[in-house]
Amino acid sequence: MTRRLSFAQWLAVSWLLLVVVSACIAPTSSPVPDLLHTQEPPFQDPHWLGTDPLGHDVLQLLLAGARTTLLISIPTAVLASLLGGAAGSVAGFWGNSTYQVQRASAAAGVIGAVIALLFIPQLRTNPFPVGLVIGVLSCTVYYALRRTSWGQRQIAVPIDSMVQALIALLDSIPLLLLVLAIAAVQRPSSMGLVVLLVLTCWTTPARLLRAVTLRTKALLFVEAAVVAGLPTLRILRYHIWPNTWPVLLIRLPLSIAIIIGLETTLSFLGIGLAPEVASWGRLLASIRVAPAAWWLLVWPGAAIFFTILSLHTLVSTKITGFDKHLDVTK
Amino acid sequence: MKRILFGLLLLLWSSITGCSPSATSATPDTVRIRWARDPENLDPLIANNPSSYEVSTLLHCSLLNISDTGRNIVPWLAAASPQVERLGDSLMLVSYSLRPEATWDNGKPVVAQDVAFTLKMMNCPGLPTEMDQAMFHFIQDIRLDTTDSRRFTLVCTGQSSDYVRNSGDFSILPEYALDPKGSLRSVSIRELRSGAATAYASVTSFVQRYQAAQLAQHPDNLPGCGPYQLKNWQPGRFLTFTRKLKWWGDALAKAPPILRAVPKSITYQIIPDAGTAMLALRRGDIDLYPLMPAAEFARLRRSDADRARLSFYTVDSYECVVANFNTRQPTLQDRFTRQALSALFDVPGLIRATQQGAAYRSASIVSPRVHPYYNDSLPLPTYDTQQAITLLRKAGWREVNGQGWVRKQAGKLLELRLSLSYRAGDPALEAAALQFRAAATAIRIPVDLRPTEASLLVQQLREGTTEVSLRSIGGNPAAYDFTPLFHSNSTSLYNYSGFGTPASDHLIEAIVQTPDTAQKTRLLRRFQRLLYTERPIYVLYFLQYRIAAARRLGRVPVTSIKPSYRANAIDFSPVTK
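None of these values were measured; they are calculated from a predicted model.

All names here are of chain B. Here Q528 is to be found in helix α19 (residues 517–534). According to the relative accessible area criterion, Q528 is buried, its value standing at 1%. Within polar-contact distance, the side chain of Q528 engages the backbone nitrogen of N375 at 2.9 Å. Apart from the residues lying within four places of it in its own chain, the contact partners of Q528 are S364, V366, Y373, Y374, N375 and L378.

Attention shifts here to the sheet that holds strand β5 (residues 91–97) of chain B. Residues and elements named next belong to chain B. Strand order in the open sheet made by the 4 strands is β4-β5-β7-β6, with antiparallel pairing throughout. The sheet terminates laterally at β4 (83–87) and β6 (139–144), the two strands that pair on one side only. Strand-to-strand twist in this sheet, taken as the mean axis angle between neighbours without regard to direction, amounts to 20°. One ladder, built from 7 bridges, connects β5 with strand β7 (residues 151–157); its direction is antiparallel. Note on β7: the bridge partner recorded for S97 is R151. On top of the sheet, helix α3 (residues 112–121) reaches β6 and β7; it is set at about 155° to β6, its chief contact.

Let us now look at the interface of chain A and chain B. Contacts between the two partners involve 19 residues from chain A, matched on the other side by 22 residues from chain B. Between the two partners, chain A and chain B, sit 0 residue pairs in polar contact (both at pLDDT 80 or more). Tallied by class, residues from the side of chain A that touches chain B come to 11 nonpolar, 4 polar and 4 charged.

Let us look at the packing of helix α9 (residues 274–283) of chain B against helix α10 (residues 294–302) of chain B. Residue and element names in this part refer to chain B. Between α9 and α10, the least distance of the axes is 11 Å, while the angle of their chain directions is 20°. With respect to α10, the element α9 is oriented roughly parallel. Here α9 runs over α10; the crossing is right-handed. Across the interface between the two elements, M278, L281 and R282 of α9 pack against E296, R299 and L300 of α10.

Right, let's get into the packing of helix α9 (residues 190–201) of chain A against helix α12 (residues 232–268) of chain A. All names here are of chain A. Interaxial distance between α9 and α12 falls to 12 Å at its minimum, and their mutual angle equals 130°. Put simply, α9 runs oblique to α12. Two packed elements cross with a definite hand, and for α9 against α12 that hand is right-handed. Residues L193, L197 and C201 of α9 touch α12, and the partners they reach there are I259, L262, E263 and L266.

All right, on to the pairing of strand β12 (residues 310–325) of chain B then. Successive side chains on a regular strand alternate, one facing one side of the sheet and the next facing the other. Residues and elements named next belong to chain B. Buried residues dominate β12, accounting for 14 of its 16 residues. As defined by bridge partners, β12 adjoins strand β19 (residues 537–550) across 12 bridges and the pair is classed as antiparallel. Across the sheet, residue L310 finds its bridge partner in β19, namely A550. Of the strand pairs in this sheet, β12 and strand β18 (residues 468–473) are connected by 6 bridges, and their pairing is antiparallel. Bridged to C320 within β18 is I473.

This part is about a nonpolar patch on the surface. Nonpolar side chains collect at one region of the surface, where A:F43, A:W48, A:W294, A:L297 and A:V298 lie side by side and expose about 540 Å² of accessible area between them. Assessed through its relative accessible area of 40%, A:W294 is described here as partly exposed.

Here we take up the nonpolar core. Among the nonpolar cores identified, the biggest contains 81 residues, and B:L63, B:L77, B:F206 and B:Y268 are the most heavily contacted of them. Sort the elements by how many residues they give to this core and α3(B) lands first, with 6 residues. Each of domain 1 (50–218) and domain 2 (228–316 + 547–569) of chain B contributes no fewer than three residues to this core. Excluding its chain neighbours within four sequence positions, the residues that come into contact with B:L77 are B:C61, B:S62, B:L63, B:L98, B:R99, B:A102, B:V110, B:I172, B:C225 and B:W248. Counting residues in each nonpolar core, the second largest holds 48 residues, with A:L35, B:F336, B:A353 and B:W405 among its members.

Each domain of chain A was delimited in the assignment, giving domain 1 (7–98 + 158–323) and domain 2 (100–156). On a C-alpha basis, the centroid separation for the pair domain 1 of chain A and domain 2 of chain A is 37 Å.

This part takes up the UniProt feature "transmembrane region" (unreviewed entry) in chain A. Residue and element names in this part refer to chain A. The residues that UniProt annotates with the feature "transmembrane region" (unreviewed entry) are residues 70–94, 106–122, 128–145, 166–185, 191–209, 218–236, 248–271 and 292–315. Along residues 106–122 one finds 94% helix and 0% strand; the C-alpha atoms at either end are 24 Å apart. End C-alpha to end C-alpha, residues 292–315 measures 36 Å, and it is 88% helix and 0% strand.

All names here are of chain B. By the definition in use, this model includes 30 salt bridges over all chains. Linking E399 and R444 is a salt bridge whose minimum nitrogen-to-oxygen distance equals 2.3 Å. With E399 in strand β13 (residues 398–400) and R444 in the loop between α15 (427–442) and β17 (447–452), this pair connects stretches of sequence that are 45 residues apart. Exposure remark for E399: the relative accessible area of 26% places this residue in the partly exposed category. Among the residues examined, R444 registers a relative accessible area of 29% and is labelled partly exposed. Each of R32, D287 and R552 takes part in salt bridges that share partners, so that together they form one network.

Reading the values: rules and limits
Residues numbered from 1 in each chain as written. Chains lettered and ligands numbered in written order. Predicted model: local features only at pLDDT ≥ 70, side-chain atom pairs only at ≥ 80, totals over all residues. Heavy atoms only, no water. Helix = DSSP H or I, 4+ residues; strand = E, 2+ residues; numbered from the N terminus. Buried < 20%, exposed > 50% of the residue type's maximum accessible area, 1.4 Å probe, protein only. Polar contact = N/O pair within 3.5 Å; in protein donor to acceptor, adjacent residues only side chain to side chain. Contact = heavy atoms within 4.5 Å. Pairing = 2+ DSSP bridges. Axes fitted to C-alpha atoms, helices over the stretch in contact; angles between N-to-C directions. Nonpolar A, V, L, I, M, F, W, Y, C, P; charged D, E, K, R; others polar. Parallel < 35°, antiparallel > 145°, perpendicular 65-115°, else oblique. Left-handed = near helix turned anticlockwise from the far one by under 90°. Patch = residues over 30% accessible without salt bridge, like charges linked within 9 Å, V, L, I, M, F, W, Y side chains within 5 Å. Areas by Shrake-Rupley, 256 points an atom, 1.4 Å probe, with all protein chains shown as cover. Salt bridge = Lys/Arg side-chain N within 4 Å of Asp/Glu carboxyl O. Core = buried A, V, L, I, M, F, W, Y, C linked by side-chain atoms within 4.5 Å. Domains from an automatic or database assignment. UniProt positions renumbered as here; feature names shortened; annotations may be inferred.

Structure below.
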């Protein structure tokens, strides 16, 4: 299984390690502006990479920016992959007819959801009492309907169509526009940005996992497990996921690269992160205030470029290796 | 390989052509000006930002205007400066005569009845006129001259020269367009102000008609006597005004700058981001960039290529950048805390870093350029974190294990934790915010920075939900009515600090009402000391206006008062380099 890494791959791994080390050694406090040394060019002691229009040391900003990049992109990519992976697996495995519930449950769920939608403002102001009322109402509907023969009948939940519709809905809006619109109204914070990106970036992993699950589900050993009457979760856990999760793993660096690009764009536009949080995108944006300060373009630009390039190189390495085992790319 | 090479060449060519300045698409007699924000509403009654004020000056005329230096008043719709007669010790009669040439778009003359109508409208219950009522509360009545339809007299309470000036500072609106039946003629200003007028059916129907006209979004429903009319308005993108083909000002033999209207078309491009605006100026997409960031202004001035295309102007302004402390918030209720927080602003550093040194400090809200009124005995506050700590202790705050500051207030333990709001996208304000945060963090005061969209920020300021905020306050050296800014009756209007004590209110009223200059100077100096001690706001610096304009515009008339230029008087005359 051992593989020799090429020179380019070594460089990619080295650069990514450098980013991780930078993130670890970056100062934990917010950078302090030095108003006496603004826009100083690089290669001068003590600001070897220059300063920005507020006198922040560019090197320190790059290190702190590396940490922000990692703290935003890795959790986002992992969470989006997990969320998308779960949705895609469920949609692929259950399809539109496998998962069935009582009509009473379905009706109670739909009624509860509709009422909740109608009373969103009240739910926001008084979540507990309003939620309780909706819950009690739904339960009442459920218990009333389950006594009837109509309510006891089973109905198939079209999980696949629902997930696909949600994916189509999110994909129909350009990702950047969607993120921009939401980021513009919410207060800037790192946690808020992670949640926002997770909620908008899960669709690609979901589509991938759905496709792979559909293919794996059709394999004989899975059908044998179903025929043997094994529980659904057991089939998913022991027969489906071991064959599908490597796809997510391969996709992960690419997801990280995409999210780095998105986070950088948002920071460049001045939304998403709080103003005091250092980020490569924000550093890049300061070129707009000082267009003559080339170092504000070159250093963060190079950091972003090499990080994304390294992640892409890593992905291509993995795909090459993975092709030989699963041949999923065909 | 050939394809890649071709692609690279195509990319290179498009980059070169894309980055080079485009040939100007401007037509002669057209001016394109950068605005940082949309005016949002064009109703002259509720104009509440610099952009909508500027629109008002193009569409409508007031009786008086401020001279370019900002120190004198000049007649605009009035034929001459008003005649003033003081009666007893509290009343004043201000008499005006309107220019005989002034007409509305339909050819009818602008008459005193229009002024009376406007004043009544500004006091009409049911209309959004709170600001007008606060500003023009001193005008008690209007007396029309029975022999001359253009003459009238305003009856004012108070005898201050400020009142004389303010009495002519509102846009005159056409009665024929808004109230063709003259339904307000039978109602007096006093009745309207007291609310008794709501009993009149004619007033109610007038209010309904006014609201139905939706003037905020459809200013074309309100013809003005100004030289321009709105041709196109794409909110958030641009506004275009065209010069009226037939305007009464053309008949004047020697029109003053305020009554000149040279450009045939004026377009305001809404470009919130300073960097994008700079790019637009260099590409020739805009002709005039007012209030330009200092660093960019200096850089363009140094560049030979830009000097060949652009003219540069600077003028000391009466606009200051202030830190506003919302005194209604529990943490900011005492003056020592506010003084302590003021000591955390490194103002000299900020002036150097963000204004290239081209701004001037002041210990008060009165500009140091106004010598008799500025209280030069007040020391300039210094940037001193130790002093801040001392003042915080004096305010009753105590440090808890080096973690932060707390104090007991109304039986509760209060933590000193602040939010700092400012207009998003303004690099100078962001710099001040970051510097303040760093200094506050150093003495363990957590500060949450909140860059906020301009109109949302105004809304939050008005609702009193901000804590510390950074903003600019425009002023002029001829007006010293601090009622909107600091009077306790104005907390729902422009008194964003919520400050106001009986003593300060009394002082504000006395400043406005005194006709004696020496007394006014004394009162103003006392008021400045009071503000200095109470610190509801902290003046960081007064701005220098920087304007870059395309040379084809000719010599741009610049002023010390916002918007810092007179777009209507740009005459396209050649400028020597």
